[in-house]
Amino acid sequence: MTAAVFFGCAFVAFGPALALYIFTIAAEPLRIIFLIVGAFFWLLSLLLSSLVWFMAGSITDSKDGPVQKHLLIFGVLVSVLIQEMFRFAYYRLLKKANEGLKVINPDETAPSMRLLAYVSGLGFGIMSGVFSFVNTLSNSLGPGTVGIHGDSPQFFLNSAFMTLVIMLLHMFWGIVFFDGCEKKKWYVLLVVLLTHLLVSALTFISPHYGINLVSAYMIMVFMGIWAFFVAGGSYRNLKLCLLCQDEDFLLFNQRSR
Amino acid sequence: MATAAGGFVANLGSPGLLHLLSFFALLAGLCRGNSVERKIYIPLNKTAPCVRLLNATHQIGCHSSISGDTGVIHVVEKEEDLQWVLTDGPNPPYVVLLEGTLFTRKVMEKLKGSTSRIAGLAVSLAKPSPPSGFSPSVQCPNDGFGIYSNSYGPEFAHCGEIQWNYLGNGLAYEDFSFPIFLLEDENETNVIKQCYRDHNLNQNGSAPAFPLCAMQLFSHMHAVISTVTCMRRSSIQSTFSINPEIVCDPLSDYNVWSMLKPINASGTIEPDDRVVVAATQLDSRSFFWNVAPGAESAVASFVTQLAAAEALHKAPDVTTLPHNVMFVFFQGETFDYIGSSRMVYDMEKGKFPIRLENIDSFVELKQVALRNSLELWMHTDPMSQKNESVQNQVEHLLTTLQKSGTGVPAVVLRRLNQSQPLPPSSLQRFLRARNISGVVLADHPTVFHNRYYQSIYDTAENINVSYPEWQSPEEDLNFVTDTAKALADVATVLGRALYQLAGGTKFSDNIQADPQTVTRLLYGFLVRANNSWFQSFLRQDLRSILGDGPLQHYIAVSSPTNTTYIVQCALANLTGEVTDLTREQCQDPSKVPNENKDLYEYTWVQGPMNSNQTDRLPRCVRSTARLARALSPAFELGQWGSTEYSTWTESRWKDISARIFLIASKELEFVTLTVGFGVLVFSLIITYCINAKADVLFIAPREPGAVSF
């Protein structure tokens, strides 16, 4: 019966990513490629962070509680920096690739940078979500549940929601970050880096799931609204959309596809 | 962000295990025991399982399903508590934590009757041992493999006269369909009980609230039905497969034997050479795998025989005695006489230096440590004594024994009614093959004095071996207990009797067993194997087999076992002599003049500590202590369904473990699943709508040509 927990948590953590993939990515081969390359770049960043972590671990070579704690904070800091570095590297690569695509195939329109930002952000998000959650997810199969040492029994559900927020945040960060790079607004990059650090730091107070989750979701909402405007959304558009004042829905749909 | 998520996981479990680290561990292929798992499970490390054994017709023991059996823990401290488990409790199946005193046939039968509500059983050790006695063995041990049968001495068959182990409840020979584990560590038992009290204890008889404390027991056995089936499967596998999956192995090990006067071990002795055999058994068992302290049922008797061998070897005229004396320690006697039946088989087939015809007389030591008064009882076989010449020989044997007992006031040898049958003993296997004169010495005239025969409680306390608390281990080793003194007296009687039976007359009274030897052996086998004396006579490579606890005397399938090695080394040390050979010469003495590998066994031992306790003084010991294979002839002959020879096999298994954890309620699981579905459906709808209206929502003013979403 613990398969119920497994599927419940898996749907919570990966359901939105699955929906996004099905409706926005899967239809276009090029988008799939960019998604996977994005995920690969995130993996590279993880490889580099783990090398740093390993070296730091072997240099300090201590099993003390406080030293380990400091090492953990240091590891998170370095990892966030490296991840953002790789995001930037991926941006530069896409920029070059986009120009290359235009040269090879001038008839077809190359995907816009805003689209690529969304796809790569989702790639980053999916990979980081998978890596942070699969171990926990495999343990959720049971037969046991968390709590024998007095921990919260909601551990799995909390982990799933945390994974979800991280995944969505990566997506929004990707959109905002790439836009900042395009418009050469470097303070945007700093904001992305700082919010990333903030969310990472929040996980250190993890036994207090409430504060942890609520603040992470607040940051996500903030980043989501920002990304919405960056992507070309506006109040007017939203209103039009919600009130169905645009052109005929079905007709429009057929035309666009 | 992954790092932060890792921190999220790691910070909950144990500080310091970041998921980056677990990623590195994953790279190294060590993806086990992560922090989440440690948050969920408490492994139980000091447990002993009950495993499946098989013979020609049956399977006995316990087993679990392949993925382990899980159940809610219920502590049963008195018999009324069973009611909850068997009928009332609303959350079956249950794993019962049973008090050691309740591990009785009556309770087990109740549990066996409702297997659908029982997932498994964890038994805690009763302290002190149950006062009414406890023996999981049967009332008539090794029935059917001794001398008496329906065609030969039918009145004695199936212990018709005397149920020797009258306390035996037969649990160790039952088949259970659920796993049973012994909890050896009191601290772990308390952890489980605390978990039970915190989560499962119901106020005023109502059902306790989730989460509940549960236990999972893994002891999946590969073999089924019987030895015939499992050996056939194994042999088919090994015929056709390069990588055979063996499902069961025969119980086998080595007998230890030595001669008073060295003989050529690779040849055979002359037909008219006479040999007096002194025999005893090395092994015991209990309900649980590899828990076989066997203090009274094995240790006391083989320790006595070791002391007697030492005493006899010290007699000045041993080399000129007319007869030779053979000391033999049979392994696997608990399981239908594996060791003795193999030796008889080898003697008959001429694969052993001594033939059955060479045996002059046979003296066997059975349980001897629990003498109520001074008496030591001499058991003989009524059937073979129907032959007049055998009867005369037995009469001579008994007279000699009684005569040699006269010099030792603490032991009075007593005859029994001539029509009383033999207790279960190795002598029965020899009598099956040939009418020889033999006697079995024991502390009981009829039923066993041992109330814990082949049980986990047959420990040092059972034979009253105890030490003053203030002593150090080294002082304990040399502290002569009363039991040691009593056993040394028995050893003296045995030594003198063997001397006289071998034809010696002059120095009978000089033979005296050393209580110091007995007490050191008892300490090593029953209290602490890792002691300075055992270390000094063991081979270098065997140093690590000594643990801080007592030795276990289960025969097992991987041989030789620790007991066999240690008894061989002890026998070599007690009866052999130290030579001045170097290490290389000791390993290959054939190049050294005056040394003969056929006559002697050479062992390079660690030796005692030197005077300033820093280094050992290794040396070469020359003795006649050898090993002889103790694998049942049934497997040699391929007769897996044999009724003549022992057919016991032990099933194989992959994983034996136990752990406790909490299980969540069905409601919480259902809520999680519903939330998951909700999130999935919601996100599918939202994404579809946004994607459909992307053109309206997201206007790209500066890139009119680009495809947007």
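Residues numbered from 1 in each chain as written. Chains lettered and ligands numbered in written order. Predicted model: local features only at pLDDT ≥ 70, side-chain atom pairs only at ≥ 80, totals over all residues. Heavy atoms only, no water.

(A) Representation of the overall build of chain B in the model. The helix and strand inventory of chain B stands at 20 helices and 24 strands. If you line up chain B on its principal axes, its C-alpha atoms span 120 × 60 × 60 Å. When burial is assessed residue by residue, chain B has 58% of its 709 residues classed as buried. Here the analysis covers contacts within chain B between residues at least 6 apart in sequence; of these, 78% occur between residues at least 24 apart. For chain B, the accessible area works out to roughly 28,000 Å², and carbon and sulfur atoms hold 52% of it. The averaged location of the 69 negative side-chain charges in chain B is 3 Å from the averaged location of its 55 positive side-chain charges. (Helix = DSSP H or I, 4+ residues; strand = E, 2+ residues; numbered from the N terminus. Buried < 20%, exposed > 50% of the residue type's maximum accessible area, 1.4 Å probe, protein only. Contact = heavy atoms within 4.5 Å. Areas by Shrake-Rupley, 256 points an atom, 1.4 Å probe, with all protein chains shown as cover. Lys, Arg positive; Asp, Glu negative; His and termini not counted. Charge placed at Lys NZ, Arg CZ, Asp CG, Glu CD.)

(B) Representation of the UniProt feature "transmembrane region" (unreviewed entry) in chain B. Here the UniProt-annotated "transmembrane region" (unreviewed entry) positions come out as residues 670–690 of chain B. Along residues 670–690 of chain B the backbone is 100% helical and 0% strand, and the end-to-end C-alpha distance reaches 30 Å. (UniProt positions renumbered as here; feature names shortened; annotations may be inferred.)

(C) Representation of the sheet that holds strand β9 (residues 180–183) of chain B in the model. All names here are of chain B. What the eight strands build is an open sheet, ordered β1-β24-β10-β5-β6-β7-β9-β2; its pairing is mixed. Edge positions in the sheet fall to β1 (42–44) and β2 (47–49), since each has one partner strand and no second. With strand direction ignored, the average angle separating the axes of adjacent strands in the sheet is 30°. For strand β5 (residues 69–76) and strand β10 (residues 212–221), the ladder comprises four bridges, and the chain directions are antiparallel. Within β10, the residue paired with Val72 across the bridge is Ala214. (Pairing = 2+ DSSP bridges. Axes fitted to C-alpha atoms, helices over the stretch in contact; angles between N-to-C directions.)

(D) The domain arrangement of chain B, seen in detail. All names here are of chain B. As assigned here, chain B comprises domain 1 (38–134 + 169–221 + 656–667), domain 2 (252–573) and domain 3 (577–623). Facing the 26 residues of domain 1 at the interface are 15 residues of domain 2. Both sides together, the interface formed by domain 1 and domain 2 hides about 1,600 Å², and carbon and sulfur atoms give 67% of it. Contact with domain 2 buries area across many residues of domain 1, yet Leu53, Phe134 and Tyr173 alone supply 29% of it, more than any other trio. Across the domain 1-domain 2 interface, the total number found is zero salt bridges. Those elements that provide at least two residues to the side of domain 1 that touches domain 2 are β2, β4 (59–62) and β9. Along the lines of polarity and charge, the residues of the side of domain 1 that touches domain 2 split into 21 nonpolar, four polar and one charged. (Domains from an automatic or database assignment. Buried area = accessible area lost by both parts, 1.4 Å probe. Salt bridge = Lys/Arg side-chain N within 4 Å of Asp/Glu carboxyl O. Nonpolar A, V, L, I, M, F, W, Y, C, P; charged D, E, K, R; others polar.)

(E) Expanded view of the UniProt feature "transmembrane region" (unreviewed entry) in chain A. UniProt marks residues 6–25, 32–56, 71–94, 115–135, 155–179, 186–205 and 211–231 of chain A with the feature "transmembrane region" (unreviewed entry), using the numbering shown here. Helix makes up 85% of residues 186–205 of chain A and strand 0%. Its end C-alpha atoms lie 30 Å apart.

(F) How the structure looks around the packing of helix α1 (residues 3–25) of chain A against helix α4 (residues 113–139) of chain A. All names here are of chain A. Running from N to C, α1 and α4 cross one another at 160°; their axes reach a closest spacing of 11 Å. The angle between the axes of α1 and α4 places the two elements in the roughly antiparallel class. As α1 packs across α4, the resulting crossing turns out to be left-handed. Of the residues in α4, those touching α1 at Phe6, Cys9, Ala10, Ala13, Phe14, Ala17, Leu20, Thr24 and Ile25 are Tyr118, Val119, Leu122, Ile126, Gly129, Val130, Phe133 and Leu137. (Parallel < 35°, antiparallel > 145°, perpendicular 65-115°, else oblique. Left-handed = near helix turned anticlockwise from the far one by under 90°.)

(G) Local environment of the pairing of strand β15 (residues 359–365) of chain B. All names here are of chain B. Within β15, six of the seven residues are buried, leaving the element largely enclosed by the surrounding structure. With five bridges connecting them, strand β13 (residues 275–281) and β15 associate as parallel partners. Looking at the pairing, Val275 lines up with Ile359 of β15. As paired elements, β15 and strand β18 (residues 437–442) share five bridges and run parallel to each other. Bridging across to β18, Val363 finds its partner in Val439.

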